[in-house]
Structures are given as structure tokens and as C-alpha cells.
Amino acid sequence: MQQHIPVALERCIALLTPALENKTNPVVIDATLGQGGHSKALLNTFPTLKIIGLDRDLSAIELAKTNLQEVMDRTVIVHAVYDEITQVLENLGISKVDGILFDLGVSSMQLDNADRGFSYANPAPLDMRMDQSQGISAQEVINSYSKGELVRVIRNFGEEKFATRIVDNLIKAREAGTINTTKDLAELVKESIPAATRRTGGNPAKRTFQALRIEVNQELAVLERAIPQAIAALQVGGRLVVMSYQSLEDKIVKSAFSKVTASRTPLGLPIDLPNSKADYKLVISGSEAASADEIAKNPRAGSMRLRALERVAA
Ligand SMILES: C[S@@+](CC[C@H](N)C(=O)[O-])C[C@H]1O[C@@H](n2cnc3c(N)ncnc32)[C@H](O)[C@@H]1O
């Protein structure tokens, strides 16, 4: 089992530091608590910091509770989807926070735990729900969606050119009752893809698995609702740091950041109108990737893109 290494840990701490270092009792939301890797390091760096940690996965929460045992007096853990940030803060009686961190996607624990069905490398039931206490599984998506819906999911969320061929075979296989495990799905995708394409670009099942996972967990819709809530929850001087692992997520973050950091002066005017300066500024212009060193130690960091913004006015 791969050991969990928090991605871009030092960089995340450095980006959040200006928002936390001179505060008496700073508060950070870790919107994707996972095993608590980033949270633990932040709590150890800032002795008066409080963390509100959210995760939709109950097994992640159990692991985080163990890993954060020594700092639980400064940690509040909430089983929630991150598009509930506003509600969670309201329930806790907190109006604004100093920092927010999103480390998107699945955790190494979820990938390594074969039963969860996230990995094409391990034979398992086709589940893929991050929150196994509710919602529909990948198996139910495959069994109940129309051909058109399945093509839409695999093409749009997997950016898969051969979506129609894959879905034609999926429909045949579901009628024959032969698509029941991650292994069945990985084999089916491989056979649906032209032989020449199979030899390039890694495991061909990767895109279809990503697509089904996004659909099962409604990942993009949830993220689109969550980022504006996070932006609104920042104090002046507060910072939001987001790490994405695929381009569809990164696009959502980029577009939400652009909206709030752009001047409100209409385009084409030679000077900024009074009070038209944006309330937020980009801390990093564009996005940042992990260093080659980090990627060599932690391959998961390879696809990571990091963005950060700061609230500069109320
Ligand atoms: C990459 S892991 C985070 C790892 C964490 N930063 C650490 O160092 O241990 C992502 C976590 O976010 C959770 N997650 C993903 N989408 C979520 C959502 N929409 N709402 C709440 N939690 C979510 C997953 O269940 C997973 O535990």
C-alpha cells in the first residue's frame, strides 16, 4: 500500500502563512480533510490555529480522527460535502475564516482500498462513491443510464474520443450481465479502443474511470457551487488555495478566480472607475505545478495544478 504523502505541503503552508501568522486565533477550513495530512502540518506550524475539516467520506474521517488525535482540541471535523461550506460555518457560528484549502479528488486511501472501486488496477465492485452512506454507485450508473447519457458522461467527464464505441460495448455487456467489476470495465474499455491507441498514453481505462467517478460524485457541479462559497467565506487578508488534479476541475477554479479578481471597470475604459477595484487578488498568476523532485517522490503530484487568491477588500 502506498504511503500517503500530502501534495505540495510546504508550498500550501507558505501560501497560507501571510493570512495566519499575525492572527491571535486564526481559523482554516480544510475542505478535503482526507487523512488530515495538510491539516496536521498546519496545526503543528501555527500553535493557535483552529481547523474545520470537511470530508464526505466517513472512512476518511475515521482515519483523520486517529491521525489528528493530539490536536483534536483545535480541530472540528464535519461529515459534509464541500458545497455545504456556508451552512457548516453558519452551524458553527463563524462568519469568516482566514484560510481555506482544497486538495481535490480521491485520496490514496480511497484508491488503495480495492473495495471502493476507484482503481482499475484492483478487481472490485463498481462502487466509486466517496460517501458510501448515500447516492448511486458506478454500477447503477452503468445499468440505468441511457446510451446517450453514458456517452455524454464518458465523453465530457473523461474527455474520451472513443466514448461511443465504449458505450456500445457497455450496453451489450450490461444486457449480457457481464459488467460487474472494475476488472470487467477496464477490459471492456481496452477492447473498445483501437489497437494503435492502446499502445500510447497509459492505461486506456483511466479516462472512463475518471468520468464515472465524476458522475457518481457529481464532482464538477459540487465544485462549481463550492468555490464561490469559499471565496465569500474569506476575511480580508484571508487566502484560498486549491489543488486540482485534472483539467476540468482546474478550469472551474480558474474561471471562478478570474471572475472575482477582475476589475469592475468595463473593458475598454482607459482608467479604473472609482470603487471598481476587485475585492480579491491572485496570489499566483496562473497556476503552479509541483516540482520535478516532488513528482519523482510522489507520482500523484504529477497532474496537480495549484491556484491561490487573497481577499483584499470587504
Ligand atoms: C486528495 S484527498 C485529501 C488528502 C488530504 N489533503 C491529506 O493530506 O490527507 C481528498 C479528500 O477529499 C474528499 N472529498 C472529495 N470531494 C469532496 C467533496 N465534494 N466534499 C467533501 N470532501 C470531498 C475525499 O473523500 C478525500 O478524502
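Everything that follows concerns the structure shown earlier in this document.
Residues numbered from 1 in each chain as written. Predicted model: local features only at pLDDT ≥ 70, side-chain atom pairs only at ≥ 80, totals over all residues. Heavy atoms only, no water.

A. Fine view of the overall build of the protein. Counting secondary structure elements, the protein contains 14 helices and 7 strands. Projected onto its principal axes, the C-alpha coordinates of the protein cover approximately 60 × 55 × 40 Å. By residue count, 51% of the 314 residues in the protein fall in the buried class. At a minimum sequence separation of 6, the contacts of the protein that also span at least 24 residues come to 68%. Here the protein displays about 14,900 Å² of accessible surface, and carbon together with sulfur accounts for 51% of that area. (Helix = DSSP H or I, 4+ residues; strand = E, 2+ residues; numbered from the N terminus. Buried < 20%, exposed > 50% of the residue type's maximum accessible area, 1.4 Å probe, protein only. Contact = heavy atoms within 4.5 Å. Areas by Shrake-Rupley, 256 points an atom, 1.4 Å probe, with all protein chains shown as cover.)

B. How the structure looks around the site of the ligand. Among the 26 residues in the neighbourhood of the ligand, the closest are listed as His-38, Asp-55, Tyr-82, Asp-103 and Gln-110. A total of 600 Å² of accessible area belongs to the ligand in isolation, and the protein chains cover 99% of it. Residues that form the shell around the ligand fall into these classes: 11 nonpolar, 10 polar and 5 charged. (Near = heavy atom within 4 Å. Nonpolar A, V, L, I, M, F, W, Y, C, P; charged D, E, K, R; others polar.)

C. Region of the structure containing the packing of aromatic side chains. For the coordinates displayed, the defined rule picks out 2 aromatic pairs. Between Tyr-82 and Phe-102, the ring centres sit 5.1 Å apart and the planes meet at 70 degrees, which makes this aromatic pair edge-to-face. Here the residue Tyr-82 occupies a position in the loop between β3 (75–79) and α4 (85–92), and Phe-102 occupies one in strand β4 (residues 97–103), the gap between them amounting to 20 residues. Centre to centre, the rings of Tyr-120 and Phe-209 are 5.5 Å apart; their planes meet at 80 degrees, and the pair counts as edge-to-face. (Phe/Tyr/Trp six-rings, centres within 6.5 Å; stacked < 30°, edge-to-face > 60°.)

D. Here's a closer look at the packing of helix α9 (residues 182–192) against helix α11 (residues 205–217). In contact at an axis separation of 9 Å, α9 and α11 are set at 125 degrees when each is read in the N-to-C sense. Taken together, the axes of α9 and α11 lie oblique to each other. In the crossing of α9 with α11, the sense of the turn from one axis to the other is right-handed. Here α9 contributes Thr-182, Leu-185, Ala-186 and Val-189 to the contact with α11, which in turn contributes Ala-205, Thr-208, Phe-209 and Leu-212. Its residues assigned to classes, the contact of α9 with α11 shows 6 nonpolar, 2 polar and no charged. (Axes fitted to C-alpha atoms, helices over the stretch in contact; angles between N-to-C directions. Parallel < 35°, antiparallel > 145°, perpendicular 65-115°, else oblique. Left-handed = near helix turned anticlockwise from the far one by under 90°.)

E. Structural detail: the pairing of strand β2 (residues 50–55). By the criterion of burial, β2 is predominantly enclosed, with 5 of the 6 residues buried. Of the strand pairs in this sheet, strand β1 (residues 27–30) and β2 are connected by 4 bridges, and their pairing is parallel. Along β2, the bridge assignment pairs Ile-29 with Ile-52. Crossover handedness for the path β1 to helix α2 (residues 37–45) to β2: right-handed. Bridge analysis of β2 against β3 gives 5 bridges, and the strand direction is parallel. Of the residues in β3, the one forming a bridge with Leu-54 is Val-78. In terms of handedness, the path from β2 via helix α3 (residues 58–67) over to β3 forms a crossover that is right-handed. (Pairing = 2+ DSSP bridges. Right-handed = clockwise from strand over helix to strand, strands pointing away.)

F. Seen up close, the sheet that holds strand β5 (residues 234–244). Strands sit in the order β3-β2-β1-β4-β5-β7-β6 across an open sheet of 7 strands; the sheet is mixed. Looking at the sheet topology across the chains shown, the edges are occupied by β3 and β6 (280–282). When the angles between neighbouring strand axes are averaged without regard to direction, this sheet yields 15 degrees. Lying over the sheet, α3 contacts β2 and β3, oriented at roughly 165 degrees with respect to β3.

G. Region of interest: the packing of helix α1 (residues 9–20) against α2. Two elements in contact, α1 and α2, have axes whose closest approach is 11 Å; the angle formed by their N-to-C orientations is 45 degrees. Judged by the angle between their axes, α1 and α2 are oblique. The two elements α1 and α2 cross, and the hand of that crossing is right-handed. Of the residues in α2, those touching α1 at Leu-9, Cys-12, Ile-13, Leu-16 and Leu-20 are Gly-37, His-38, Ala-41, Leu-42 and Thr-45. When the residues that make up the contact of α1 with α2 are grouped by side-chain class, the tally is 7 nonpolar, 3 polar and no charged.

H. Representation of α3 within the structure. If you check which residues of α3 are buried, you get Ala-60, Ile-61 and Ala-64. Mapping the buried residues of α3 onto a view down its axis gives an arc of 100 degrees, with all of them on the same face. Looking at the buried positions of α3, the neighbouring elements they touch are β2, β3 and α5 (108–112). (Arc of directions from axis to C-beta.)

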